[in-house]
Amino acid sequence: MEPISRRDSLKYITLASLSAGALIACEPGKEGEMTGHEHPTDMPEGYANLTPEVMEMLNQKFFTDEEREMVRVLANQVIPADDKSGSAEDANVTAFIEFTLVDRENMQTPIRGGLRWMNLESTKRFGKSFTAISEGEQKQILDDIAYPQTASPAYSQGVAFFSTFRSLVLTGFYSSKLGVEDLQYMGNRPTVWNGAPQEWLDRLGVSYDS
């Protein structure tokens, strides 16, 4: 299967969320949760163009529940919410990472192995899994693996994992709507050209009238 582009990944994740909402609303007793919802014949526009392979990918999960929770916690350590913008969780980064791993099988073992390394390190230091220790204790582990150039060789496995994981979080966040707004990226917008400023026309001794 050919890897799909980031743009297509985002489209599929969006469509998946719409589909999930539709399925929930179709469950017995929840028919009224989506105003105006009609049963499956009225699928979101775009599904008709998806291949069976992509449709199958939309239904696949890679993480266990424990791993998914750990990814959520760890991603929020990379990009926490602040007074300027939301967190990685707010940008649905966990779903992006899971979808990416379903699509990129070569990344599955390094990420899963890295999550296990984090839990082993957490258990060795604090006697609990990574998600069960305090935020301060989590940061103690992260401080030892977040800086490849100064990290101890003893943490090489953790450093390799976290470098890849951090890249996934940043890619997921800054290609989301929330991340683009955080960057204040305006994109290409129409404008009106009124000519060069008069100040510069005067300096050059030229005029539009001559």
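Scroll up to find the structure this text is about.
Treat the numbers as computed from the prediction; the structure is a model and nothing was measured. (Residues numbered from 1 in each chain as written. Predicted model: local features only at pLDDT ≥ 70, side-chain atom pairs only at ≥ 80, totals over all residues. Heavy atoms only, no water.)

S.K.: What exactly am I supposed to notice about the overall build of the protein chain here?
M.R.: Each helix and strand in the protein chain was counted, giving nine helices and zero strands. Going from the N terminus to the C terminus, the protein chain shows its helices and strands as α-α-α-α-α-α-α-α-α. Every one of the 210 residues in the protein chain was classed for burial, and the buried ones make up 32%. Counting only carbon and sulfur atoms, one obtains 52% of the accessible surface of the protein chain, whose full area is about 13,800 Å². (Helix = DSSP H or I, 4+ residues; strand = E, 2+ residues; numbered from the N terminus. Buried < 20%, exposed > 50% of the residue type's maximum accessible area, 1.4 Å probe, protein only. Areas by Shrake-Rupley, 256 points an atom, 1.4 Å probe, with all protein chains shown as cover.)

S.K.: Is there a simple way to think about the pattern of salt bridges in this case?
M.R.: A side chain of one charge can pair with a side chain of the opposite charge when the charged atoms of the two come close. Counted by the stated rule, this structure contains 13 salt bridges. The shortest N-O distance in the salt bridge between glutamate 98 and arginine 68 comes to 2.9 Å. In this pair, glutamate 98 sits in helix H4 (residues 93-103) while arginine 68 sits in helix H3 (residues 65-78), placing the two residues 30 residues apart along the sequence. Residue classification places arginine 68 among the partly exposed residues on the basis of a relative accessible area of 23%. The shortest N-O distance in the salt bridge between arginine 72 and glutamate 69 comes to 2.7 Å. Linking arginine 72 with glutamate 69, this pair stays in helix H3, spanning three residues, or about one helical turn. (Salt bridge = Lys/Arg side-chain N within 4 Å of Asp/Glu carboxyl O.)

S.K.: Where do I start with H3 in this structure?
M.R.: For the α-helix, the turn length of 3.6 residues means that residues three or four positions removed from each other point alike. Between its terminal C-alpha atoms H3 stretches 20 Å, which fits the 20 Å expected from 14 residues at 1.5 Å a residue. Within H3, the full set of buried residues consists of Glu67, Met70, Val71, Val73, Leu74, Ala75, Asn76 and Gln77. Buried residues along H3 sit against H4, helix H5 (108-126), helix H6 (135-145) and helix H7 (156-174). (Expected span 1.5 Å × (residues − 1). Contact = heavy atoms within 4.5 Å.)

S.K.: Help me understand the packing of aromatic side chains in this model?
M.R.: Pairs of aromatic rings are described using the distance from one ring centre to the other and the angle between the two planes. For the structure on display, the rule yields four aromatic pairs. With a centroid separation of 5.5 Å and an interplanar angle of 35°, the aromatic rings of phenylalanine 161 and phenylalanine 165 are classed as tilted. Taken as a pair, phenylalanine 161 and phenylalanine 165 lie in helix H7 at a separation of four residues, close to a single helical turn. Plain terms: the ring middles of phenylalanine 173 and tyrosine 174 are 4.9 Å apart, the flat faces sit at 85° to each other, and that makes the pair edge-to-face. Look at phenylalanine 173 and you get buried, because its relative accessible area is 1%. (Phe/Tyr/Trp six-rings, centres within 6.5 Å; stacked < 30°, edge-to-face > 60°.)

S.K.: Sorry, what's going on with the packing of H3 against H5 here?
M.R.: Working note: a packed helix pair is described by the angle between its axes plus the distance between those axes. Where H3 meets H5, the axes come as close as 11 Å, and the angle between the chain directions of the two elements is 80°. Between H3 and H5, the angle is such that the two are roughly perpendicular. On the side of H3, the interface is formed by Glu66, Glu67, Met70, Val71 and Leu74, while H5 contributes Arg112, Leu115, Met118 and Asn119. For the contact of H3 with H5, the residue count by class is five nonpolar, one polar and three charged. (Axes fitted to C-alpha atoms, helices over the stretch in contact; angles between N-to-C directions. Parallel < 35°, antiparallel > 145°, perpendicular 65-115°, else oblique. Nonpolar A, V, L, I, M, F, W, Y, C, P; charged D, E, K, R; others polar.)

S.K.: Help me out: how do you make sense of the side chain of threonine 100 in this one?
M.R.: Relative to the helices and strands, threonine 100 is located in helix H4. The exposure class assigned to threonine 100 is buried, which follows from its relative accessible area of 12%. In this structure the side chain of threonine 100 is engaged in a polar contact, spanning 2.8 Å, whose partner is the backbone oxygen of phenylalanine 96. Not counting residues up to four positions away in its chain, the partners in contact with threonine 100 are Met107 and Leu168. (Polar contact = N/O pair within 3.5 Å; in protein donor to acceptor, adjacent residues only side chain to side chain.)

S.K.: Explain the nonpolar core to me, please; I cannot follow it from the model alone.
M.R.: One broad rule of soluble globular proteins: the nonpolar side chains tend to lie buried together. With 37 residues, the main nonpolar core has Leu74, Ile97 and Met118 as its most contacted residues. The leading source of residues in this core is H7, at seven residues. Those residues in contact with methionine 118 that lie beyond four places of it in its chain are Met70, Leu74, Phe130, Ile141, Leu142, Ile145 and Phe161. (Core = buried A, V, L, I, M, F, W, Y, C linked by side-chain atoms within 4.5 Å.)

S.K.: What am I meant to see in the side chain of aspartate 103 here?
M.R.: As for its position among the elements, aspartate 103 is in helix H4. Engagement of the side chain of aspartate 103 in a polar contact is seen with the side chain of arginine 104, the distance being 3.1 Å.

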